[in-house]
Structures are given as C-alpha cells and as structure tokens.
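# Coordinates in review
Next come the chains, spelled out residue by residue.
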Amino acid sequence: MYAALWRILPGPWWVRLLILLVAAAAVVTALVLWVFPVIDQMVAPQDVTVDE
Amino acid sequence: MTASGETIRRPRRRISVAGVLGELLITAGALVLAFLGYQVWLADLIVGGQLNSEASELAEEWGVGYSDVPPSEAGDPTQSEDPPVQTAPGNAIRFATLIIPRFGGDYNRPIAEGVGTTDVLNKGNIGHYPTTQMPGALGNFALASHRSSGGGNFRDLHQLRVGDHIYVETPDGWYQYSFRNLEYVRPSGVGVLNPVPQVTGAQATERYITLTTCNPFFSTAERIIAYGVYDSFYPRAGGVPAEIASNVTGAG
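Residues numbered from 1 in each chain as written. Chains lettered and ligands numbered in written order. Predicted model: local features only at pLDDT ≥ 70, side-chain atom pairs only at ≥ 80, totals over all residues. Heavy atoms only, no water.

- In the nomenclature of an unreviewed UniProt entry, chain B is known as Class E sortase of Pseudolysinimonas yzui.

- The name recorded for chain A in an unreviewed UniProt entry is DUF4175 domain-containing protein, from Pseudolysinimonas yzui.

Written out as structure tokens, the structure is:
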C-alpha cells in the first residue's frame, strides 16, 4: 500500500519525501483539530460533580 | 537495448491482502498512540489556551473593562465591609472567571451557571452548582469542572498548597480566597455542597469556595474536593491585584 503510494508519486526521492511529509502534517492537523476532540469527549471521564 | 533495460528493471512486488492489512494495522496503532498523546498532553494545552483568552475577554463582554491603575499600585482590598453579591444568572451563562496563580501565570477560566455535562462542562466551563451560594455571599460557592478533557480546568487540583490564593473575577471585581485543604469523597458525597461544607443544617457565618472534580485522574471512582476560605474583595475600580496581573490581561 505505502510502497504503491511511493511509486505513484512523481519526482526524485526528496520531492516524494517532501510531499509525504506535507501530507502527514495535514493529516495530523486535521486529526488534532477535528477528529480527536470528538473522540475525547466520548472516552474521557465525564462525571465530575457530586450528586445523590 | 530494450531487452537489457527490461532485465535491469526490478520486478514489481505484488500487493497482497495480508500486506495491505498489516500496513493498515500499523497505521491504526500509530493513530491510537497519537490520540493518547493528544489526550494526555496536547488537548488541555490547546483547549486551555483558548479558554484563557475567552476568560480574558469576558470583562469586555460584561462591559466593564479594566481600570488604568497599574497592578503594582493596585488598591487595598475591602475587608471591613461586606463584598457585593450578584444574583445568579440563567443556566450556562458565564458570569465569572476563576484565577489560580498556582496553576500558571495565564490560568484564567470561565465560570458558568449550572453543572450540566453538555451545556456547561463540556464547553470548557467551570460550572457553578445552582443550589449553592454566589461569590461573596455567606455560605458556599461550589464549582465543578473536568480534570482531563474540556480544557482540564481542575487538572492540577491536587497541587494546591495551603494558603494558595484562589481568585474569582466578576464584573464587580475580584474575590480572593485562600486554599485550606483537600478532601476525597464518594461521588454521592453531596455534603461538600452545604453552606458549611460537610455540616448539615448549619448557619454559615463565613464564605467558602469548594472545587469538585473526578479522582483519580481519568477515573470517576471518587471526587477530589478543594476548599478555600474568603479573605477579601478587590473592587474593579481599584485595579487588578498584582498577583494575578498576568492572568487577567492574558499576557502570561
């Protein structure tokens, strides 16, 4: 899968590496900004109050 | 020429189902690790920073602003007379902020009315138990907030030291409390919300602040409670108390 991706990308190795790094940064940013906060609210302890 | 070129070309590896599955699993593992890193360290930094600036802007929303008195010359607190007491606002309305220098030079978090999970707490607010008193009133100003996630407002509650100052900012000014002690109770330990905490039916003659959150970290098995007692009130016109100048202006 990743080997195929590497073959599809154009240019010499350092251009491919640059493209992959930028893509990885974009994925991580999207995860942190939009995906992780939603998951966090689902798994983190929600109960912080005292009640009967 | 063409024949030799073909022999030099490396044989193309076939994409196998197992290979793709393996790569997907490795990717999934990396994502889980990334999420853990986010949850433990990054989330509360990001959300906490947003909350700090939101709290700093609240004074503007209240339409009060800050006086020009430099913090170093900020006025004496009012000790002799009774501090002002606001009436409780509607549910989920931000009416105050909590400032605790022990939690950092920029720690300033919004306090909203009510302790609902979705409408108050998950929006990063510190919630005020509506059954308890307002700041400045005789009795107990009791608050709840997340230990982790949602900004982790009470993440460091266990780090408080006796005598640490806890400030509550309202449109009127700053109420200063001193941290007194921690207590660990079961989730049903509503006695901490009494006008005199843990004393049933007593008439309050002092002003307390009570902070509640979950304990241990990432668990809801118990509640950790921090108590403070009221010291004094700094009117807004007298300027920002020097100790919390960086917190209030958001410069920290």
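## Brief notes about the UniProt feature "transmembrane region" (unreviewed entry) in chain A
- Within the UniProt annotation, "transmembrane region" (unreviewed entry) is assigned to residues 13-36 of chain A.
- Along residues 13-36 of chain A, the helical share is 100% and the strand share 0%, with 32 Å between the first and last C-alpha atoms. (UniProt positions renumbered as here; feature names shortened; annotations may be inferred. Helix = DSSP H or I, 4+ residues; strand = E, 2+ residues; numbered from the N terminus.)

## A look at the UniProt feature "active site" (unreviewed entry) in chain B
Residue and element names in this part refer to chain B.
- Under the present numbering, the feature "active site" (unreviewed entry) in UniProt falls on His-146 and Cys-214. Over a stretch of 69 residues, the named residues converge on one spot in the fold, their C-alpha atoms separated by at most 7.2 Å.
- With respect to the secondary-structure elements, His-146 resides in the loop between β4 (139-144) and β5 (165-170).
- Looking at His-146, its side chain comes within polar contact range of the side chain of Asn-122, at 2.8 Å.
- With respect to the element layout, Cys-214 can be found in strand β7 (residues 207-215).
- Assessed through its relative accessible area of 1%, Cys-214 is described here as buried. (Polar contact = N/O pair within 3.5 Å; in protein donor to acceptor, adjacent residues only side chain to side chain. Buried < 20%, exposed > 50% of the residue type's maximum accessible area, 1.4 Å probe, protein only.)

## Some points on the nonpolar core
All names here are of chain B.
- Core analysis: the largest hydrophobic core is formed by 25 residues, its most contacted members being Leu-98, Ile-111, Leu-143, Val-168, Ile-209 and Leu-211.
- When contributions to this core are tallied by element, the ones reaching two or more residues are β1 (94-99), β4, β5, β6 (173-185), β7 and β8 (222-235).
- Excluding residues that lie within four positions of it along the chain, Ile-209 makes contacts with Leu-98, Asn-140, Phe-141, Leu-143, Ile-166, Val-168, Tyr-177, Ala-226, Tyr-227 and Gly-228.
- Membership of the second largest hydrophobic core comes to 14 residues, among which are Leu-121, Ala-142, Ala-144 and Cys-214. (Core = buried A, V, L, I, M, F, W, Y, C linked by side-chain atoms within 4.5 Å. Contact = heavy atoms within 4.5 Å.)

## Re helix α2 (residues 17-62) of chain B
- Considering bend angle alone, the principal kink of α2 of chain B is centred on Leu-42 of chain B and spans about 55°.
- Packed against the buried residues of α2 of chain B are α2 (13-43) of chain A together with β1, β2 (109-113), β5 and α3 (245-249) of chain B.
- Positioned one or two residues after α2 of chain B, Gly-63 of chain B has a phi angle of 75°, which is positive. (Bend = angle between axes of the 7 residues up to and from the residue.)

## Notes on unusual backbone geometry
All names here are of chain B.
- Asn-215 connects to Pro-216 through a cis peptide bond whose omega is -10°.
- Relative to the helices and strands, Pro-216 resides in the loop between β7 and β8.
- Look at Gln-198: it is not a glycine, yet its phi comes out positive at around 70°.
- Residue placement: Gln-198 occurs in the loop between β6 and β7.
- The phi dihedral of Phe-218 is positive, around 65°, even though this residue is not glycine.
- Mapping Phe-218 onto the fold places it in the loop between β7 and β8.

## Describing the sheet that holds β7 of chain B
All names here are of chain B.
- Taken in spatial order, the eight strands close into a barrel running β1-β2-β3-β4-β7-β8-β6-β5, and their pairing is mixed. Averaged over all pairs of adjacent strands, the angle between strand axes in this sheet comes to 30°, irrespective of strand direction.
- Across eight bridges, β7 lies against β8 in antiparallel orientation. Residue pairing in the sheet places Cys-214 in a bridge with Arg-223 of β8.
- Its contacts with the sheet put α2 on β1, β2 and β5, and the angle it makes with β1 is roughly 125°. (Pairing = 2+ DSSP bridges. Axes fitted to C-alpha atoms, helices over the stretch in contact; angles between N-to-C directions.)

## A short note on the UniProt feature "transmembrane region" (unreviewed entry) in chain B
- Here the UniProt-annotated "transmembrane region" (unreviewed entry) positions come out as residues 20-41 of chain B.
- Helix and strand shares over residues 20-41 of chain B are 100% and 0% respectively, and the end C-alpha atoms of the span are 31 Å apart.

## Here we look at the environment of Trp-174 of chain B
All names here are of chain B.
- Mapping Trp-174 onto the fold places it in strand β6.
- Separated by 76 residues in sequence, Trp-174 and Leu-98 place their C-alpha atoms 9.6 Å apart.
- At a separation of 3.2 Å, a polar atom in the side chain of Trp-174 contacts the side chain of Glu-169.

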